[in-house]
Amino acid sequence: MTHRPIWLLRSLAAHARGKVLSEATGAIGIESLPNEFGLCMAFGSDFQTADISTQQAWVNWTALSGRTLLLIPPFNVTECKQPVSWRAFRPQKPEPIAADHLGKLIANEVRFEIAGTLQTAVEVIGEWKGGGVHTAYYRKHPHSGLFAITCLPLWSLTVLDHRRTIQDWLETLGSLAGESAPTVSVEEMTTEFRPNRDHFAMMLHLCERDFASTDEALDRLSESLVFAIPEASARQCLVSLEEAGLVTSGKLTDKGREMLLGSPYAVYATAIARTR
């Protein structure tokens, strides 16, 4: 077993391929994304055929550190726009790099390759000797979780004879998402401080760009065509947010980001992030 929880999402949980993964890694089947930290696997085709709101919810789940969503074969051979542009396609015969132990075990079963605005997962040797990519990921910033894609058929029966290899591979990939933090609900975080609409508007404003200071954030607010908060009220909002530990020096803290993504305003935060 790896050190972090592993889940199998939706159709993968009930599929024969999921049973192989469960036996090899101890993964648990679930119907919806958990409110915990760990690594969640799903069929790539399930994500590709989901509606936009579902895709965005899966992407949003990876916003917090310690969380990894890993899409595995099969895939539809088509372009996908979430969380960034990427596509799966039929590969030439893949040739594993010498150190790619898992890749060497199941290379002859690989049926896909990926390309797009993704970062190659060099930590798990995510490319073939000829330069094609089999494992890559997206993360919004260094403190967020991981949205990862692999073309390796991790459900291969071969892994049952090499359980430690796949467990170590998943643990290495999952570790890129950072350390798990305790799950804290919005209600728990706001026992003493309950943000109002202006507070959330200010937090959304801070998502628009990386401000160098509180003063710069306030100065830019006056030029905003989207957020209209009176100057005196805006400054007080920032003071309250800083006292609550949600903002510091004109930037959202991890706690503030977690609150925003757990609020009804999460969809706006995500939309702003996509335009940066």
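A brief report on the enclosed structure follows. Worth saying up front: this structure is predicted, and the values here are computed from it rather than measured.

What counts as what
- Residues numbered from 1 in each chain as written.
- Predicted model: local features only at pLDDT ≥ 70, side-chain atom pairs only at ≥ 80, totals over all residues.
- Heavy atoms only, no water.
- Pairing = 2+ DSSP bridges.
- Helix = DSSP H or I, 4+ residues; strand = E, 2+ residues; numbered from the N terminus.
- Buried < 20%, exposed > 50% of the residue type's maximum accessible area, 1.4 Å probe, protein only.
- Contact = heavy atoms within 4.5 Å.
- Lys, Arg positive; Asp, Glu negative; His and termini not counted.
- Salt bridge = Lys/Arg side-chain N within 4 Å of Asp/Glu carboxyl O.
- Axes fitted to C-alpha atoms, helices over the stretch in contact; angles between N-to-C directions.

1. Thoughts on the sheet that holds strand S7 (residues 113–116)
And then number 1: Spatial ordering of the open sheet is given by S5-S6-S7, a layout of three strands whose pairing is antiparallel. For this open sheet the edge positions go to strand S5 (79–80) and S7, each flanked by a neighbour on one side alone.
And then number 2: The sheet contact formed by S5 and strand S6 (residues 86–89) spans two bridges and is antiparallel. Within S6, the position partnered with Glu79 by the bridge is Arg87.

2. Quick word on the side chain of His199
And then number 1: Mapped onto the elements, His199 comes out in helix H8 (residues 197–206).
And then number 2: Residue classification places His199 among the buried residues on the basis of a relative accessible area of 9%.
And then number 3: Sequence-distant contacts of His199, that is, excluding residues within four places in its chain, are made with Phe193, Cys237, Ser240 and Leu241.

3. Notes on the side chain of Glu113
And then number 1: Mapped onto the fold, Glu113 is located in strand S7.
And then number 2: In this structure Glu113 is buried but unpaired, with Arg87 as the nearest side chain of opposite charge at 8.1 Å.
And then number 3: Setting aside residues no more than four positions away along its own chain, Glu113 makes contact with Arg87, Ala88, Phe89, Pro91, Trp128, Gly132, Val133 and Cys151.

4. Regarding the sheet that holds strand S3 (residues 39–43)
And then number 1: Across the sheet, which stays open at both edges, the seven strands sit in the order S2-S1-S3-S4-S10-S9-S8 with mixed pairing between neighbours. Only two strands of the sheet have a single neighbouring strand rather than two, namely strand S2 (28–30) and strand S8 (119–120).
And then number 2: Two strands pair when backbone bridges link them, and S8 and strand S9 (residues 135–138) are joined in this way by two bridges, in the antiparallel orientation. Paired with Gln119 across the bridge in S9 is Tyr137.
And then number 3: Sitting on the sheet, helix H2 (residues 16–25) touches strand S1 (6–9), S3 and strand S4 (68–72), and the angle it makes with S1 is about 175°.
And then number 4: Against the sheet, helix H4 (residues 52–61) engages S1, S3, S4 and strand S10 (146–150), with an angle of about 130° to S4.

5. Focus on the pattern of salt bridges
And then number 1: As enumerated under the stated definition, the model contains eight salt bridges in all.
And then number 2: Between Glu216 and Arg209 there is a salt bridge, and its shortest N-O distance comes to 3.0 Å.
And then number 3: Take Glu216: its relative accessible area is 19%, and that puts it in the buried class.
And then number 4: Between Arg257 and Asp254 there is a salt bridge; the shortest N-O distance is 3.1 Å.

6. What about the pairing of S4?
For a regular strand, the rule is simple: side chains alternate between the two faces of the sheet.
And then number 1: Across the five residues of S4, five count as buried, placing the element largely inside the fold.
And then number 2: The alternating pattern of S4 places Thr68, Leu70 and Ile72 and Leu69 and Leu71 on opposite faces, both of which are buried.
And then number 3: Bridge count between S3 and S4: five bridges; the pairing is parallel. When the sheet's bridge partners are listed, Cys40 is paired in S4 with Leu69.
And then number 4: Relative to S10, S4 runs parallel, the two being bridged by four bridges. The residue of S10 that forms the bridge with Thr68 is Leu146.

In short, the description is geometric, and any link to function would need to be established separately.
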